Amino acid sequence: MKQIETKSMVLLHHHLKALRLPTMGSQCEPVAARAAADNVDHLAYLLQLSELELLERERKAAERRLKAAKFPVLKTLDTFDFTARPSVNKVLISQLARCEFIDRRENILFVGNPGTGKSHLAIALAAAACSKGYRVRFSRVTELVTQLIEVRDEHALLAFKARLAKLDLLVLDEFGYVPASKLGAELLFDVISTAYERSSLMVTTNLPFDQWTEVLGSERLTGATLDRLTHRCQIIETKGESYRLRDAKARITKPSPSGGKKAGPDPVEPALEGGAGKV
Ligand code: ADP
Ligand code: MG
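How each quantity is defined
Residues numbered from 1 in each chain as written. Chains lettered and ligands numbered in written order. Predicted model: local features only at pLDDT ≥ 70, side-chain atom pairs only at ≥ 80, totals over all residues. Heavy atoms only, no water. Phe/Tyr/Trp six-rings, centres within 6.5 Å; stacked < 30°, edge-to-face > 60°. Buried < 20%, exposed > 50% of the residue type's maximum accessible area, 1.4 Å probe, protein only. Helix = DSSP H or I, 4+ residues; strand = E, 2+ residues; numbered from the N terminus. Expected span 1.5 Å × (residues − 1). Arc of directions from axis to C-beta. Contact = heavy atoms within 4.5 Å. Polar contact = N/O pair within 3.5 Å; in protein donor to acceptor, adjacent residues only side chain to side chain. Near = heavy atom within 4 Å. Areas by Shrake-Rupley, 256 points an atom, 1.4 Å probe, with all protein chains shown as cover.

1. Remarks on the packing of aromatic side chains
Then, in step 1: All chains considered together, the criterion is met by 4 aromatic pairs.
Then, in step 2: Their ring planes at 75° and their centres at 5.5 Å tell us that F209 and W212 sit as a pair that is edge-to-face.
Then, in step 3: For W212, a relative accessible area of 0% translates into the label buried.
Then, in step 4: What links up through ring pairs into an aromatic cluster is the set F175, F209 and W212.

Set out below in structure tokens:
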């Protein structure tokens, strides 16, 4: 009898592996033991087991999407201090975290000075989108432009654009730090106009719109880019001083536990938290 049970278990594990149900394989015995103890019937047992498989599958898929998004660092809304940034509406951000804007193919623009939390909010919202099943990609604008030029030179632009077209949300971080070349600006415009009304874009920038020509070069291209980006778009201004600077200043003015001596980095060059590739 014992031998048959062992043989059945081996077969069951084999079948579940062949059917690609690893969690059912690893959990069938402990869940069966619990089911027997709780007097759970066969169908309820199967339901519990299949739920575990599904949950694990969803967790792994979310993990893969998060990895594929290539965030430089992971940020969450829980760690964003909204009281420190009153210009940012917490209710609106929580609403955006539900990701309905992606279903509506709308864009989000974060505009504000360096260090005011634009990338933090963009990453947190984009990570929320990953966990909801959306395909996301995070890219600094300068890096994307360099990549576009490289793949174009390698005659692989179409394949690269086809990969971008599969995304639900493309985050373009730090628009405006470096002016693009004429070719770079055209390739960037191409990405933005291809995404227009097909997927969502999230852009962070420290540049007011009237200065976008400095990055894109031509008035015509700037007008066309802004036209696409801002049509069906939520603009979020992160007004005020840099969070890092504020943080550094607070550390300087706060007396140290070792007796009132001022400590901390130079407020002009504050220690960057996380070192997430800032300017
Ligand atoms: P920006 O993209 O506007 O230059 P970041 O989002 O990179 O600024 O913010 C700089 C640093 O300060 C990051 O480590 C970020 O997590 C942190 N930070 C900025 N604003 C806040 C905030 N309101 N609450 C918590 N951390 C913040
Ligand atoms: Mg940033």
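Next comes the rest of the description.
2. Comments concerning helix α11 (residues 219-230)
Then, in step 1: Relative to the 16 Å expected for 12 residues at 1.5 Å per residue, α11 spans 16 Å between its end C-alpha atoms, a close match to the ideal helical length.
Then, in step 2: Among the residues making up α11, those that are buried are L221, T222, T225, L226 and L229. Burial along α11 is one-sided: seen end-on, the buried residues are contained in an arc of 125°. Among the exposed residues of α11, those oriented more than 90 degrees off its buried face are E219, R220 and D227.
Then, in step 3: On its buried side, α11 packs onto β1 (107-112), α9 (182-195), β4 (200-205), α10 (213-216) and β5 (233-238).
Then, in step 4: R232 lies just past α11 and shows a positive phi near 55°.

3. Points about the side chain of N107
Then, in step 1: The topology assignment puts N107 in strand β1.
Then, in step 2: By relative accessible area, which is 5% here, N107 ends up buried.
Then, in step 3: A polar contact of 3.0 Å, which involves the side chain of N107, links it to the backbone oxygen of L229.
Then, in step 4: Beyond its immediate sequence surroundings of up to four residues, N107 is in contact with S199, S200, L201, R228, L229, H231, R232, C233 and Q234.

4. Considering the site of ligand 1
Then, in step 1: What surrounds ligand 1 is a group of 16 residues, the closest being D81, G115, K118, S119 and H120.
Then, in step 2: With respect to ligand 1, the backbone of G117 contributes an N or O atom lying 3.1 Å from an oxygen atom.
Then, in step 3: For ligand 1, an oxygen atom lies 2.8 Å from a polar atom in the side chain of S119.
Then, in step 4: Considering ligand 1 on its own, with 560 Å² of exposed area, one finds that the protein chains cover 95% of that surface.
Then, in step 5: Contributing elements (two or more residues each) for the shell around ligand 1: α6 (118-131) and α12 (243-253).

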